[in-house]
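Fold and contact review
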2 protein chains.
Amino acid sequence: MKSVGSVKVERRSLDSRAADVLREQILSGNLVPGQRVTETALAAQLEVSRGTLRAALRALAHEGLIQQVAYTKWMLPEFSHADAWELYTLRGTLEGMAARLAAEHRTRDCVATLEAAFERLVAAVGSRKHGRVAEADLALHKTIVAITGHQRLIDQYRLLEQQVRHYIISSNALIMDLNQIVAEHQPIVRAIVAGEPEKAERLARQHNAPEVERAAEALVRERAAAKASPGKPATKAAARRGAGSQKEPVKANA
Amino acid sequence: MKSVGSVKVERRSLDSRAADVLREQILSGNLVPGQRVTETALAAQLEVSRGTLRAALRALAHEGLIQQVAYTKWMLPEFSHADAWELYTLRGTLEGMAARLAAEHRTRDCVATLEAAFERLVAAVGSRKHGRVAEADLALHKTIVAITGHQRLIDQYRLLEQQVRHYIISSNALIMDLNQIVAEHQPIVRAIVAGEPEKAERLARQHNAPEVERAAEALVRERAAAKASPGKPATKAAARRGAGSQKEPVKANA
DNA sequence: GGATTGATAATTGTCAACAATCTCCCTTGA
DNA sequence: TCAAGGGAGATTGTTGACAATTATCAATCC
């Protein structure tokens, strides 16, 4: 018995496999933001019962990949600038925490895993293929989180990363300068390997700063425009967000 | 129409209300960690169908309040020292982020809300009732998070806070020095009101440091004991955790 | 005596039918 | 012309029955 894992038969429940398929569909951009989906149609398409499909949809709702309007409909979320700001501020904080922990509790194995991921990024940049670089980039960050061994952080980061991917896909927000990619990541890796928690955290957080600033500036512009013609928010998503969360803090149900 | 909310009829779905009841049961300690629960029994007790109850259980599973073993059983999680370490490190980071954001983007309303929450904590300490102080303490931290307006942070913090409450309940880990409570919180509030992001973040994170250290020390002791008598982890929860998450990073299924 | 196999009971997984609710559009009236 | 009301159709919410899987335990064989 050496390295099984792929030969065993599928033992997971049908609804979790249905969720996998739907997740793939959403993250690949086959379903566009704002689009409505109906349970019956999806159930027929995946050839599972409506009950099973509902369980899958609910799982995705918990992951932030789809939204439910009770008694009414399911729909793909539309991303506003506020969403982008939330995603990247949170990502900066979580990656900062991960980098700090990784630097504090690093082991020989962890360092090896990290450096291997970094090497794969360097190789990807060398290939000049944007898709491969993007994948290796995400994988490196995921590795930093993984080597902390902090299960809750890992789970949470995975959900956040999914939403970031969804946002990037649906807003074509992917901008990369291949020549800077390595230079931007190397200091973070070095700080972790060298065991410098403070520095690692600061660098990892700063890595997300450009996206945060871009979103923040867009938000300010948006609010200025809304002020010019009041009573008419710039996007539907902004209106939706503005409605619920003013008074009565922390009471939503999902 | 002034401050409705409690008079209108319940319009939420049955499964979410069932989840509320179960959440209350778990957080009040009526269901003890390690205990097994069966769908049929719970469904009969709540007088809902099994399908509805399953939806509720799944929601709680996503919140980390219950665990599912596929095709086998549902059970209440047992907390190890590793869990405590995860909970408090994550809480420190999220509260630090919240305090920073609150200090950066504070408005007149936010400051008023925050100071009101702090006054309630002071009043609770004055009453010398431990239960009231604990509630006001949690409420103050929740307020700091709420005034950021960061919806994803708010949602995530609520889930984390629930798990912390569950941990405190099930391990009797609540220790408070009434005389220090006010002194410990006042600097954080002041830093936010004064608009000092760096300081606010640092203080909010340090606020969780004692719990983090306690958990970390317990972990070290545990590992030392495990080394003394190998092949026999100190707790079942530690064994469970140790099994899955070594190789194959980030592949578990929620 | 101990391990293995096979039946049995208990529990979870899946499904299709029925009920409740919402949206949309048409009618009606001023 | 426009607003209010009502009904048809579509969609989600809920349920109980049936299928698949697992754990338990006695019987059997080495």
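Heads up: the structure comes first, above all this text.
Just so you know, the residues in each chain are numbered from 1, in the order the chain's sequence is written. Numbering of ligands from 1 and lettering of chains from A proceed in the order in which they are written. Restriction of local features to residues with pLDDT of at least 70 applies here, the model being predicted, together with a cutoff of 80 or more for giving and counting side-chain atom pairs; totals for whole chains, interfaces and linings are based on all residues. Remark: hydrogens and water are excluded; side-chain values derive from all non-hydrogen atoms of the structure.

**Regarding the packing of aromatic side chains**
The criterion for an aromatic pair is that two Phe, Tyr or Trp rings (for Trp, the six-membered ring) have centres within 6.5 Å, with stacked assigned to planes under 30 degrees apart, edge-to-face to planes over 60 apart and tilted to the rest. For the structure on display, the rule yields 4 aromatic pairs over all chains. With a centroid separation of 6.2 Å and an interplanar angle of 80°, the aromatic rings of Y88 of chain A and Y167 of chain A are classed as edge-to-face. Here Y88 of chain A, found in helix α4 (residues 81-104), pairs with Y167 of chain A, found in helix α7 (residues 151-171); they are 79 residues apart in sequence, far enough to count as distant. We call a residue buried when its accessible area falls under 20% of the maximum for its residue type, exposed when it is over 50%, and partly exposed in between, using a 1.4 Å probe and counting protein chains only. Residue Y88 of chain A is classed as buried on the basis of its relative accessible area of 6%. Assessed through its relative accessible area of 13%, Y167 of chain A is described here as buried. Seen from their ring centres, F79 of chain B and Y167 of chain B are 5.7 Å apart, and the 75° between their planes marks the pair as edge-to-face. Here the residue F79 of chain B occupies a position in the loop between β3 (73-75) and α4 (81-104), and Y167 of chain B occupies one in helix α7 (residues 151-171), the gap between them amounting to 88 residues. Aromatic rings pair up to connect F79, Y88 and Y167 of chain A into one cluster. Numbering goes from the N terminus for both helices and strands, where a helix is a DSSP run of H or I of at least four residues and a strand is a run of E of at least two.

**Some points on the environment of L219 of chain B**
Residue and element names in this part refer to chain B. With respect to the helices, strands and loops of the structure, L219 is situated in helix α10 (residues 209-228). Here L219 falls in the buried class, since its relative accessible area comes to 11%. In what follows, a contact means two residues having at least one pair of non-hydrogen atoms within 4.5 Å. In this view, L219 contacts H81, A82 and W85; residues no more than four positions away in its chain are not counted.

**A closer look at the protein's contact with DNA strand D**
Being near a molecule or strand, for a residue, comes down to having at least one heavy atom within 4 Å of it. Taken together, 21 residues surround DNA strand D, and among them R50 and R54 of chain A together with L14, S49 and T52 of chain B come closest. At the protein interface, 80% of the atoms of DNA strand D within 4 Å belong to sugar or phosphate. Two N or O atoms count as a polar contact when they lie within 3.5 Å, although within protein this holds only if one can serve as hydrogen donor and the other as acceptor, and sequence-adjacent residues are included solely when both atoms are side-chain atoms. Taking E39 of chain A, its main chain carries an N or O atom lying 3.2 Å from a phosphate oxygen of DNA strand D. Every element with two or more residues in the surface near DNA strand D is listed here: β1 (36-37), α3 (50-62) and β3 (73-75) of chain A together with α1 (14-27) and α3 (50-62) of chain B. Under the scheme applied here, ten amino acids are nonpolar (Ala, Val, Leu, Ile, Met, Phe, Trp, Tyr, Cys and Pro), four are charged (Asp, Glu, Lys and Arg), and all others, including Gly, are polar. Among the residues forming the surface near DNA strand D, the class breakdown is 6 nonpolar, 8 polar and 7 charged.

**What to know about the interface of chain A and chain B**
Listed by partner, the interface residues are 44 residues for chain A and 44 residues for chain B. Accessible area, probed at 1.4 Å, shrinks when two parts are joined; the buried area is that loss added up over both. Together, the buried faces of chain A and chain B total about 3,700 Å²; carbon and sulfur atoms form 54% of this surface. Whenever a carboxyl oxygen of Asp or Glu lies within 4 Å of a side-chain nitrogen of Lys or Arg, that contact is scored as a salt bridge. Along the contact surface separating chain A from chain B lie 8 salt bridges. When the shortest N-O distance is used, the salt bridge between D15 of chain B and R58 of chain A registers 3.2 Å. Here chain A is connected to chain B by 17 residue pairs in polar contact (both at pLDDT 80 or more).

**Section: the relation of the copies chain A and chain B**
Two chain copies here: they are related by a rotation about an axis and a translation along the same axis. When the copies are superposed, the least-squares fit draws on C-alpha atoms of residues that have pLDDT of at least 70 in both. After a rotation of 180° and a shift along the axis of 0.0 Å, chain A superposes on chain B with an RMSD of 0.0 Å. The superposition operator between the copies reduces to a two-fold rotation axis. Here 100% of the contact residues of chain A are again contact residues in chain B; the copies associate through an equivalent surface.

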